[in-house]
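So the chains spell out like this:
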Amino acid sequence: MKKTSPPNGVEISPWLEAAALTLLISSYCWIQIRGLLVPGVYGDEAQDGVLAQQIIHAGFHHMGEWPLSNGGYHGALQAYLLAPFFLLIKEPLLALRIGELALSLIVIATAYLCAKRFFNSLAAVFTLVFLLSNPAFIFKSRMNTDPAGIMAAFYLGALICLLSWHRSGKSSRLFAAAFLAGAGFCLRLWFYWFYCGLILAALIFRGEAAHALGPRSASKIGGTALFFALGLSLYIMKEVRGEGTELFGCVLAHLHYGVRGADNFMILKNLGMRFGQLITELRGRILDSFPECYSNCGASLNLSPYAEMFCGALLALSFFCLIALGRGAYRRKGLFFVTLLFGMFLPSIFTLSDLVPEHLFILFPIPQIIMGAAAYLLFEHVLKTGRFWKAAALGLVLYALAPPFYAWEFSQMSGFVQRTGGTWFYSDANVGMVHWLKERGYFAPKNCDQRLDDPVRLLSNERIVPISCGQASYGTPDHAAAEAFLSQCVGGENVYLFLSPDLEHPSHSTLPYFSALLAGTGEKFALRKVFYDKNGGPAYGVYSLVPDLSAGRSRRRGPG
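How each quantity is defined
- Residues numbered from 1 in each chain as written.
- Predicted model: local features only at pLDDT ≥ 70, side-chain atom pairs only at ≥ 80, totals over all residues.
- Heavy atoms only, no water.
- Buried < 20%, exposed > 50% of the residue type's maximum accessible area, 1.4 Å probe, protein only.
- Helix = DSSP H or I, 4+ residues; strand = E, 2+ residues; numbered from the N terminus.
- Pairing = 2+ DSSP bridges.
- Salt bridge = Lys/Arg side-chain N within 4 Å of Asp/Glu carboxyl O.
- Arc of directions from axis to C-beta.
- Contact = heavy atoms within 4.5 Å.

A. How the structure looks around the pairing of strand S5 (residues 538-547). Burial runs high along S5: nine of the 10 residues are buried. Pairing analysis gives four bridges linking strand S3 (residues 496-499) to S5, with the strands arranged antiparallel. Each residue of the ladder has a partner; that of Phe498, found in S5, is Gly541. Note that strand S4 (residues 523-532) and S5 share nine bridges and pair antiparallel. Note on S5: the bridge partner recorded for Lys524 is Val546.

B. Highlighting unusual backbone geometry. With an omega dihedral of 0°, the bond running from Val38 to Pro39 counts as a cis peptide bond. Residue position: Pro39 is located in the loop between helix H1 (14-34) and helix H2 (43-58). We note that Asn461 has phi near 55°; this positive angle belongs to a residue other than glycine. Here Asn461 shows up in the loop between helix H21 (453-459) and strand S2 (467-468). For Asn461, a relative accessible area of 35% translates into the label partly exposed. Of note in the backbone geometry, Glu462 takes a positive phi value of approximately 65° without being a glycine. With respect to the element layout, Glu462 can be found in the loop between H21 and S2.

C. Molecular detail of the pattern of salt bridges. Across all of its chains, the model carries 13 salt bridges by this definition. Across the pair Glu281 and Lys140 runs a salt bridge whose closest N-O atoms are separated by 2.7 Å. With Glu281 in helix H13 (residues 267-283) and Lys140 in helix H6 (residues 135-143), this pair connects stretches of sequence that are 141 residues apart. Looking at Lys140, the relative accessible area reads 3%, which means it is buried. In the salt-bridge network here, residues are joined through shared partners; they are Glu45, Arg97 and Glu100.

D. Broad picture of the sheet that holds S2. Spatially, the five strands line up as an open sheet ordered S2-S1-S3-S5-S4, and their pairing is mixed. Two strands close off the open sheet at either side, each with one partner strand: S2 and S4. Looking at chain direction, strand S1 (residues 446-447) and S2 are connected through two bridges and run parallel. The residue bridging Asn447 from the neighbouring strand is Ser468, located in S2.

E. Spatial organisation of helix H11 (residues 233-241). Considered for burial, the residues of H11 that qualify are Leu234, Tyr235 and Lys238. Buried residues of H11 fall within an arc of 95° about the axis and therefore sit on the same side. As for H11, its buried residues are in contact with helix H3 (77-88) and helix H12 (247-253). Taken from the residues just after H11, Gly242 is the one with a positive phi, measuring 80°.

Here it is in structure tokens:
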């Protein structure tokens, strides 16, 4: 094994590097395996798992039936990456989570290789220290949050290939980068943020910093375009087949307002919101997923402003170190990543759906790479004991405080999740609900919350396929859905699935909405079964219809 020599002479032993990697990655895997099945599977996570199951069920003899999209404007590439795990592992949730763990290891590998190729081995090790200790990375990799995690592997892989092309001149490296850049778009639409960041960096930097991103011959331009189109082939086939929502029409329809009402023209407001979300993500707080933890774990809530100030200060310190301490190519490469981060962050203020923190997970390895490169510069400066080495040592101490803080934050979250099995639509109580439905022969229950459809289908291996009652999430009024419910879903011997049948928190359930729709029909919902999380909170409810005697109607229907 050869030693890696950073620009200014500080070396790390290859055996020490291997030991550090072994310790970091094995610790990460141990943490993930220990809590692999918690929290419970939820809608966005289960969606790609259901598509993977459909691929397996269709088989090679019916390839024309393989899904090309997730039913919306996104491609289905994530499902194809997960399909081999569903083929090898028969337990659906276990197959999904092991597949997600494997994909996260690809992200880890590309983040390490990218930091090592652009900077050096020690900066790459520091990068993994900051990345693998962050609770947001641990939980969101486990829960497959809007596959933003694996998208990072595609664009980091593209950067590695571009750097290799610049150094070797081999067209195959350029074509590989183009393929990865195209394929990433088949995961989720907002992969285009990487295109924006790359273009901005190429415009600002020249030569080695931008890695000669523009091919200069017609053959290379044509080959690059061809391989980019090959990467996009899944999405191109989706558009040709007409599967899912047509992209350009969807973009035009939601140019001003996203699907959930986000105003894309409120640029300054959205910018401030996104910046706050980014700092929260870097802090490792999974606020949207488990808000109950922060109300029950008082210390975590009380430290929130200071923790986010600390993480924001670390990022700002990293920018400063790359400018003040970096030299030559090292500085240019560091500023290249800063520009890439800024260029990817800017388009995040526009959305087709909503400005949710999960989308920012695509950015995640870049701040850690920047922090790892900056920590190396401080470490080098301390070893040289040059001017201001005491200030550099203090900065290095601040970096050293980050992993212990992340570990404490993770212990708060992990303890809560292990104790409850997850809450609300992340609850693992849906496993018990699926068993209950199978035992009683309800293979087509009526689903009154769109977040329950894919988890039920996944956990039952598609033996249970709920009938949607057409309700938008969070009880949003929808007249078309109301008419569909009254004409198609009322009556018959069946059961109705609801999320969180807790009338003390009606915004968490669509039960009040559907109950109001039943007024005047002579029927009402009667609770059949509540499924609780491990902490005793109601997670899911199964209801049936019974005569509403208070409405003065005598028409009777069986409870189902």
